[in-house]
Amino acid sequence: IILGICLSSSPAFGDELDSRLSTIGNEQIRVHTRTMINAGIPDDEAIKMTRLMIQNNYKDQNILRAQKILMDTVEEGLPDKPVMNKAYEGIAKNVQEDRVVEAMEKTRARYSVAYSYARSIAQNPDRANDIGKTIAEGLTAGIHNKDVHQIMERLQNSTRQMTKTSTEAFAEEIFLSLRDMAR
């Protein structure tokens, strides 16, 4: 009985998603939107962003680039919200579409660098996410990548005698302070 319920509910979900996607752009955009959803981006958000871009007359190539940036973000294990919010911000402000896509890529790259640093210092995934978010916010506020690199080197040198938990807490406090100073 349970197997029957599971099997009958899957096509119903697929049909619902198909009907929602059918109102979006051309076939290539629909396929790419489905790929975004399959990559782990929430279906409501993927459809909403794509619809907004279509409504604002974005070229297909820019819509596809924006979707690819989001898929790369998720594939790298980075949060998709900041990148998606950058798209929404640009659309709301009527920024030129090429610049919106470029800003999305810069945001993704900033988070990629930040999370790379955070993962090198924190073993705990939750702590690494917190530190990564803090570093990314600091980079957004104006901290330079070279400054973060220097701090990471100093952290690694000064925390050799500390436990992992102490090192993670110390790193988080340093980057919180640095972010606040930059703001």
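As a reminder, the structure under discussion sits directly above these lines.
A brief structural summary. (Residues numbered from 1 in each chain as written. Predicted model: local features only at pLDDT ≥ 70, side-chain atom pairs only at ≥ 80, totals over all residues. Heavy atoms only, no water.)

### Some details on the environment of threonine 167
Now for step 1: Looking at where threonine 167 falls in the secondary structure, it is placed in helix α9 (residues 164–182).
Now for step 2: Separated by 12 residues in the primary sequence, threonine 167 and leucine 155 have C-alpha atoms spaced 8.2 Å apart.
Now for step 3: Sequence-distant contacts of threonine 167, that is, excluding residues within four places in its chain, are made with Ile121, Thr159 and Met162. (Helix = DSSP H or I, 4+ residues; strand = E, 2+ residues; numbered from the N terminus. Contact = heavy atoms within 4.5 Å.)

### Considerations on the packing of helix α3 (residues 43–55) against helix α5 (residues 81–92)
Now for step 1: Interaxial distance between α3 and α5 falls to 11 Å at its minimum, and their mutual angle equals 25 degrees. Taken as axis vectors, α3 and α5 run roughly parallel relative to one another. Here α3 runs over α5; the crossing is left-handed. Where α3 abuts α5, its residues Glu45, Lys48, Met49, Leu52 and Met53 lie against Lys81, Met84, Ala87, Tyr88 and Ile91. (Axes fitted to C-alpha atoms, helices over the stretch in contact; angles between N-to-C directions. Parallel < 35°, antiparallel > 145°, perpendicular 65-115°, else oblique. Left-handed = near helix turned anticlockwise from the far one by under 90°.)

### Regarding the pattern of salt bridges
Now for step 1: A full pass over the atoms with the stated rule returns 12 salt bridges.
Now for step 2: Measuring nitrogen to oxygen at the nearest pair gives 2.6 Å for the salt bridge that ties glutamate 137 to arginine 179. Separated by 42 residues along the polypeptide, glutamate 137 in helix α7 (residues 125–141) and arginine 179 in helix α9 bring together distant segments of the chain.
Now for step 3: Residue aspartate 180 is joined to arginine 179 by a salt bridge in which the shortest nitrogen-to-oxygen separation is 3.2 Å.
Now for step 4: By relative accessible area, which is 45% here, aspartate 180 ends up partly exposed.
Now for step 5: By relative accessible area, which is 13% here, arginine 179 ends up buried.
Now for step 6: Taken together, the salt bridges that share partners define one network made up of Lys133, Glu137, Arg179 and Asp180. (Salt bridge = Lys/Arg side-chain N within 4 Å of Asp/Glu carboxyl O. Buried < 20%, exposed > 50% of the residue type's maximum accessible area, 1.4 Å probe, protein only.)

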